[in-house]
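# Observations on the model geometry
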Amino acid sequence: MAYVIAEPCIGTKDSACVDACPVDCIHPKKDETGHGESEQLFIDPVECIDCGACVPVCPVSAIYAGDDLPEKWADFQEKNAAHFGR
């Protein structure tokens, strides 16, 4: 199951996870359309290879394995997928 970016990312959008991702599945990047308007970053559930490289670099602990996502943030799994039209 893919990793999910949850509520702590809202308003933070630190790009350390983007730099750590070996498959470029976290968007929108700072230079992409929509970055300024987006309140958080998202992980593409299809492109994510479940490596976990993004988890330890997140300064706000917003990234969880899908199976470990706290119940209070369960809707973020759908939000991440919906961002990519999945």
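Residues numbered from 1 in each chain as written. Predicted model: local features only at pLDDT ≥ 70, side-chain atom pairs only at ≥ 80, totals over all residues. Heavy atoms only, no water.

Going by an unreviewed UniProt entry, the protein chain carries the name Ferredoxin and comes from Granulicella arctica. Taken directly from UniProt, the Function (unreviewed entry) text for the protein chain runs: "Ferredoxins are iron-sulfur proteins that transfer electrons in a wide variety of metabolic reactions." (UniProt positions renumbered as here; feature names shortened; annotations may be inferred.)

### Considerations on the overall build of the protein chain
Looking only at helices and strands, the protein chain has two helices and four strands in total. Secondary structure elements in the protein chain, listed N-terminal to C-terminal, are β-α-β-β-β-α. Taking 12 Å as the expected radius of gyration for a compact globule of 86 residues, we find that the protein chain reaches 11 Å, a close match to that expectation. Each of the three principal axes of the protein chain carries a C-alpha extent, and together these read 30 × 25 × 25 Å. (Helix = DSSP H or I, 4+ residues; strand = E, 2+ residues; numbered from the N terminus. Rg over C-alpha atoms; globule rule 2.2 N^0.38 Å.)

### A few points about the side chain of Gln 40
Among the secondary structure elements, Gln 40 is positioned in the loop between β2 (26-27) and β3 (42-43). A polar contact of 3.3 Å, which involves the side chain of Gln 40, links it to the backbone oxygen of Ile 5. Those residues in contact with Gln 40 that lie beyond four places of it in its chain are Ile 5, Ala 6, Cys 9, Ile 10, Lys 13, Pro 28, Phe 76 and Asn 80. (Polar contact = N/O pair within 3.5 Å; in protein donor to acceptor, adjacent residues only side chain to side chain. Contact = heavy atoms within 4.5 Å.)

### As for the nonpolar core
As a rule of thumb, soluble globular proteins bury nonpolar side chains together. Ile 5, Cys 17, Ile 26, Leu 41, Ile 43 and Ile 63 are the most contacted members of the largest nonpolar core, which totals 17 residues. Elements with a minimum of two residues in this core: β1 (3-5), α1 (16-20) and β4 (63-65). Among residues more than four places away in sequence, those in contact with Leu 41 are Ile 5, Cys 9, Lys 13, Asp 14, Ser 15, Cys 17, Val 18, Ile 26, His 27, Pro 28, His 35 and Asn 80. With five residues, the next largest nonpolar core counts Val 4, Ala 6, Leu 69 and Trp 73 among its residues. (Core = buried A, V, L, I, M, F, W, Y, C linked by side-chain atoms within 4.5 Å. Buried < 20%, exposed > 50% of the residue type's maximum accessible area, 1.4 Å probe, protein only.)

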